[in-house]
Number of protein chains: 2
Amino acid sequence: MSAAEAQAWAEQHDARTLETLFQFVSIPSVSTDPAYLADMARGAGFIADHLRVCGIENVALRPTAGHPVVTGDWLHAPGRPTILIYGHYDVQPPDPLDRWNSAPFAPEIRDGRIYARGVSDDKGPLIVAISALAAFLGTAGALPVNVKLLLEGEEEIGSAHLDDFVAEHAAELAADFVLSADGAMWRLDLPSVTVASRGLCALELTVSGAAKDLHSGRHGGAVANPLQALSALLAGLHAGDGSVAVPGFYDRVRIPSDAVRRETAAVPFDEADYLQSIGAPAGAGEAGWSLLERNWLRPTLELNGVWGGYSGPGTKTVIPSQAHAKITCRLVPDQDPAEILDAIEHDLQRRVGPGVTLTVSREAGGAHPAAIAATHPGLRLAMQVLEELYGRAAVPVRMGATLPVAGIFRHRLGLDTVFFSFSTTDEDYHAPNEFFRLERLRDGIRAWIRYLQRLGALPDDAGSAEIPSIPR
Amino acid sequence: MSAAEAQAWAEQHDARTLETLFQFVSIPSVSTDPAYLADMARGAGFIADHLRVCGIENVALRPTAGHPVVTGDWLHAPGRPTILIYGHYDVQPPDPLDRWNSAPFAPEIRDGRIYARGVSDDKGPLIVAISALAAFLGTAGALPVNVKLLLEGEEEIGSAHLDDFVAEHAAELAADFVLSADGAMWRLDLPSVTVASRGLCALELTVSGAAKDLHSGRHGGAVANPLQALSALLAGLHAGDGSVAVPGFYDRVRIPSDAVRRETAAVPFDEADYLQSIGAPAGAGEAGWSLLERNWLRPTLELNGVWGGYSGPGTKTVIPSQAHAKITCRLVPDQDPAEILDAIEHDLQRRVGPGVTLTVSREAGGAHPAAIAATHPGLRLAMQVLEELYGRAAVPVRMGATLPVAGIFRHRLGLDTVFFSFSTTDEDYHAPNEFFRLERLRDGIRAWIRYLQRLGALPDDAGSAEIPSIPR
């Protein structure tokens, strides 16, 4: 079978690929909000149908305790490696809606970019992977390797039920390694592969004062204001030097080796350019570390939402009954999500002031930090293909974000995950005006075709053999 | 003319009075939110029409830079005192709507209480005053005193344009003193008159970080989180002992005399009962003062609203571009609203951390604290009528809330204000399930009839003569 033929086929079908992606991103498959439940089912059904049309076999929607998983396979390459392709069909919520220049679920091409919620994370990159499979199946009628697919609907909510699903179907999902369509290249002008990602844990807190909202004149001074109490609790989570002040937070954090710090310092990264690109007036964060180190190598505690009282026009002289906050932490080896939540909850409870009570609820979807060895054959192949495509060496980068699947696949299947996505970190996923570059859609298909062809030429045990065990 | 006849007339017209009040509170005259602009005009028109029907003359809707003022008069009692009756037809916003047991603008009677937004503050007490006038005009065809009416539509937003209106029409509004239908009795079982109220000033602040919402994984650690920066700014506004930490905040605060503190301590007030009545787990606030002192004699800084980031279901790993807060202060003599806002803004700006910018906008409607002498004839008459009605001595009380009109009438017209309202402070105005007691509607009309009759028997100069000048 020929990569050149597959590539030609992909180019002939470029318009149809784009049409498929437009249909896919028109479905508001927002996993976090129950209001979109029917759209989640539509999203899963759409991608399953598309897999069948492309020639993938045994395609099925598989129930979980949450949103369904889509699976399929093509296993007719005896003696060749078997990869498990991972991606997700769910997307982030579109709000704030008024900040979008075009409707989030009505895709639009402007200046060579497709604008839509989920187009970069992860529907575009997922269509890339499937298009490469379709190109081989549409020409040779076969793939260079054995392929299993596992597409989840809960990536944006921490892959809440994927762990159970993978554990229950470990035999069915056995492979040499995982090739992920999710992830993102770090910079547009620098081909890169992700070798580490941070973990995640999340909680919501509610501070309650009086049983009802109170008039700030009639009662103010004599009763606790939950907003004031909440502000004090939240402010106390960080120290003056930008570090997290929660006792125990850093207990299990591995101090990066000098080698890792040198490697990080060698990455071409201009702090001023970076800050300008996001419109930030200055950097911030933990003293003693570069901005890149703060994002790649150090854990964080972030406030993702705070609300309580009156936020409408004008003034309302109210002392609200309750105030709320959402918090997530990004974790690095060897922090444990549950332990960190314990530490935060304990710290908050011991600091609650008079006149209020605090309730804390933990969000599902904790994830461990993850890493892959630089010597992994599947990773090295990805770097080689990128170098050929872009004419410069691919850089191994760490990432500040979380890819819970890496931890799940390592823990449940004993597999490493190679992230081979063609989205770029500047594409405003998780923000208004998310976009995906048309040129990256085409680059990605070309790269995946080449990757699959090369992988098919490797011995059967290339993926799994002699991969050193990586500390999580 | 006879108070007994007027009283009999009022009792005969009880059902009609209630119907009028129901119609009045069905109009969502929310002054703070532009969405209710048409309803504000309906509210003003309704009460103007009602005044005309009752026999008040020269009724007119008078334009201001904001919502219109309703004026009217009846001036055919030569040789008798002239009072300026004050009230307001605007109400607080109804949110949070899901906490109401019946729709806020669909009045309902349950257990002898009328439930509706604005029924206690101030539509019920305003109907009380007008009903007393109607009872005299409906029987004798005349009033015992000369009356001018001034009903505003901006009380809930700090009487933003009343000051200008009063200043421009000082001659027209000349009177012996102001009799206010607004205000509230402190406790249901204790007749009381208000002799002092706190001032008010308000601001909104916005903390801005990056130009757009950011993914907390891709950027977290390297950039400032506006919610974290805002929490630190807000937490720093108070000291550990519950006092306000803004430098200069207490500079002009008069330390209450021992006499005032003894008077306050003598007021029947049980802290445990109070806390139970509002469902608060404990008292809070400034160390060194009783709960009542904190509310009556000491200034406060309250957070009325804080918002930013994601507040929907589940988790959104976002670092929001902006975070916001609304703040109001309650002031005591001799604090100045503009000076206090200067002090807060200066304190906030000097504490802004790296990576964010702070913008502060001042809300209209600052108000000075106010007081009336215990010897004022109009005040003494109010206390006398209350004692006759309820069979026990009326208590002069201070209040923690703000009545900006007292400052305006003193400053612009040289007049003191006697607050003679029959709402009670437990009636959840500014909160869901606001109510007004049916019995107080009837008590109030009886008291106002008696008050007007007695006032008519006083010499013409009783209101203005020999009233000592009160330190503001």
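Values in this document were obtained by computation on a predicted structure and should not be read as measured data.

Colleague: What exactly am I supposed to notice about the overall build of chain A here?
Modeller: Assigned secondary structure in chain A consists of 14 helices and 18 strands. Principal axes of the C-alpha set define a box for chain A whose edges measure 80 × 50 × 45 Å. For chain A, buried positions account for 58% of its 472 residues. For chain A, restricting intrachain contacts to residue pairs at least 6 apart in sequence, the fraction spanning at least 24 positions comes to 80%.

Colleague: Is there a simple way to explain the packing of helix α4 (residues 119–139) of chain A against helix α14 (residues 438–457) of chain A in this structure?
Modeller: For any two helices packed against each other, one specifies the crossing angle of their axes together with the interaxial distance. Residue and element names in this part refer to chain A. For the pair α4 and α14, the least separation of the axes is 8 Å and the interaxial angle reads 50°. Here α4 lies oblique to α14, going by the angle between them. Handedness of the α4/α14 crossing: right-handed. Across the interface between the two elements, Gly-124, Pro-125, Val-128, Ala-129, Ser-131, Ala-132, Ala-135 and Phe-136 of α4 pack against Leu-441, Gly-444, Ile-445, Trp-448, Ile-449 and Leu-452 of α14. Here the residues of the contact of α4 with α14 are counted per class, giving 11 nonpolar, three polar and no charged.

Colleague: Would you take a moment to explain the sheet that holds strand β4 (residues 108–110) of chain B for this structure?
Modeller: Through backbone hydrogen bonds, the strands of a sheet pair up, either in parallel or in antiparallel fashion. Residue and element names in this part refer to chain B. As summarised here, the arrangement of the three strands in space is β4-β5-β18, forming an open sheet in which the pairing is antiparallel. Two strands lie at the open edges of the sheet, namely β4 and β18 (435–437), each paired on one side alone. Sheet twist, expressed as the mean angle between neighbouring strand axes with direction ignored, is 30°. Direction of pairing for β4 relative to strand β5 (residues 113–115): antiparallel, over a ladder of three bridges. Bridge assignment links Glu-108 to a residue of β5, and that residue is Tyr-115. Packed on one face of the sheet, helix α4 (residues 119–139) meets β5 and β18 and runs near 40° to β18. Sheet contacts for helix α14 (residues 438–456): β4, β5 and β18; angle to β18, the most-contacted strand, approximately 55°.

Colleague: Help me understand the interface of chain A and chain B, please; the structure alone is not making it clear to me.
Modeller: Interface extent is often summarised as the accessible area lost during association of the parts. Taken residue by residue, the interface counts 84 residues in chain A and 84 residues in chain B. Only β10 (214–215), α6 (216–219), α7 (226–235), α10 (291–296), β11 (300–309), β12 (318–319) and β13 (322–331) of chain A provide two or more residues apiece to the side of chain A that touches chain B. Residue contributions to the side of chain A that touches chain B peak at nine residues, all from β11(A). Here the residues of the side of chain A that touches chain B are counted per class, giving 33 nonpolar, 37 polar and 14 charged.

Colleague: When you look at the domain arrangement of chain A in this model, what are you seeing that I'm missing?
Modeller: All names here are of chain A. Structurally, chain A comprises domain 1 (3–197 + 369–457) and domain 2 (199–260 + 290–362). Summarising the inter-unit geometry, the C-alpha centres of domain 1 and domain 2 are found 34 Å apart. Facing the eight residues of domain 1 at the interface are 10 residues of domain 2. The residue makeup of the side of domain 1 that touches domain 2, split by class, is four nonpolar, three polar and one charged.

Colleague: What am I meant to see in the nonpolar core here?
Modeller: As a rule of thumb, soluble globular proteins bury nonpolar side chains together. Judged by nonpolar contacts, the single largest core of 278 residues is most densely connected at A:Val128, A:Leu133, B:Val128 and B:Leu133. With 12 residues, the top contributor of residues to this core is α4(A).

Colleague: In this structure, what is going on with the relation of the copies chain A and chain B? I would like to understand it.
Modeller: Each of the two chain copies goes to the other by way of a rotation about an axis and a shift along it. Rotating chain A by 180° about the axis while translating it 0.1 Å along that axis superimposes it on chain B, leaving an RMSD of 0.1 Å. What we have between these two chains is a two-fold relation. Most of the interface of chain A is mirrored in chain B, where 100% of its interface residues again form contacts.

Colleague: Explain helix α1 (residues 3–12) of chain B here, please?
Modeller: Owing to its 3.6 residues per turn, the α-helix brings residues three or four apart onto one side. Residue and element names in this part refer to chain B. Within α1, burial applies to Ala-3, Ala-6 and Ala-10. Considered in projection along α1, the buried side chains sweep an arc of 60° and stay on one side of the axis. Counted as exposed and oriented over 90 degrees from the buried face of α1: Ala-4 and Gln-12. Where α1 is buried, its residues meet α4 and α14.

Colleague: Mind showing me how you'd approach the pairing of strand β1 (residues 57–62) of chain B here?
Modeller: Within a regular beta strand, the side chains point alternately toward one face of the sheet and then the other, so they alternate between its two faces. All names here are of chain B. Bridge count for β1 against strand β2 (residues 69–74) is four bridges, and the pairing is antiparallel. Its bridge partner being in β2, Arg-62 is matched across the sheet by Val-69. Linking β1 to β2, which pair antiparallel, is a turn of six residues.

Colleague: Would you explain helix α13 (residues 404–413) of chain B in this entry?
Modeller: All names here are of chain B. Across the 10 residues that make up α13, a large majority, eight, are buried. Among all positions in α13, only Pro-404, Val-405, Ala-406, Gly-407, Ile-408, Phe-409, Arg-410 and Leu-413 are buried. Looking one or two places after α13, you find Gly-414, whose phi comes out positive at around 70°.

Colleague: Can you walk me through the sheet that holds β13(A) in this structure?
Modeller: The eight strands are arranged β14(A)-β9(A)-β13(A)-β11(A)-β11(B)-β13(B)-β9(B)-β14(B) in an open sheet whose pairing can be described as antiparallel. Two strands close off the open sheet at either side, each with one partner strand: β14 (357–362) of chain A together with β14 (357–362) of chain B. The sheet shows a mean angle of 25° between the axes of neighbouring strands, direction not considered. As paired strands, strand β9 (residues 199–208) of chain B and strand β13 (residues 322–331) of chain B are joined by 10 bridges and run antiparallel to one another. Each bridged residue has a counterpart across the sheet, and for B:Leu205 the counterpart in β13(B) is B:Ala325. Each of β9, β13 and β14 of chain B touches helix α11 (residues 337–351) of chain B; the most contacted strand, β9(B), lies at about 25° to it.

Colleague: Would you mind going over unusual backbone geometry with me for this structure?
Modeller: Across residues other than glycine, the phi torsion is negative in most instances, and most of the peptide bonds are trans. Residues and elements named next belong to chain A. Pro-96 follows Asp-95 through a cis peptide bond whose omega is 0°. Positionally, Pro-96 belongs in the loop between β3 (82–88) and β4 (108–110). Look at Asn-433: it is not a glycine, yet its phi comes out positive at around 65°. Its place among the elements puts Asn-433 in the loop between β17 (417–419) and β18 (435–437).

Colleague: So what exactly am I meant to see when it comes to the environment of A:Arg262 here?
Modeller: All names here are of chain A. Mapped onto the elements of the fold, Arg-262 is located in helix α8 (residues 258–266). Note on Arg-262: 10 C-beta atoms within 10 Å, which makes it exposed. Residues Arg-262 and Pro-354, 92 residues apart in the sequence, show an inter-C-alpha distance of 48 Å.

Colleague: Is there a simple way to explain the pairing of strand β7 (residues 177–180) of chain B in this structure?
Modeller: All names here are of chain B. In β7, alternate side chains face the same way, and those of Phe-177 and Leu-179 on one face and Val-178 and Ser-180 on the other are all buried. Judged from the four bridges that link them, strand β3 (residues 82–88) and β7 form a sheet pairing that is parallel. Counted as the bridge partner of Tyr-86 is Ser-180 from β7. Of the strand pairs in this sheet, β7 and strand β17 (residues 417–419) are connected by three bridges, and their pairing is parallel. Opposite Val-178, over in β17, you have Thr-417 as the bridge partner.

Parameters at a glance
Residues numbered from 1 in each chain as written. Chains lettered and ligands numbered in written order. Predicted model: local features only at pLDDT ≥ 70, side-chain atom pairs only at ≥ 80, totals over all residues. Helix = DSSP H or I, 4+ residues; strand = E, 2+ residues; numbered from the N terminus. Buried ≥ 20, exposed ≤ 12 C-beta atoms within 10 Å, placed from the backbone. Contact = placed C-beta atoms within 7 Å. Axes fitted to C-alpha atoms, helices over the stretch in contact; angles between N-to-C directions. Parallel < 35°, antiparallel > 145°, perpendicular 65-115°, else oblique. Left-handed = near helix turned anticlockwise from the far one by under 90°. Nonpolar A, V, L, I, M, F, W, Y, C, P; charged D, E, K, R; others polar. Pairing = 2+ DSSP bridges. Domains from an automatic or database assignment. Core = buried A, V, L, I, M, F, W, Y, C linked by C-beta atoms within 7 Å. Least-squares fit on C-alpha atoms with pLDDT ≥ 70 in both. Arc of directions from axis to C-beta.

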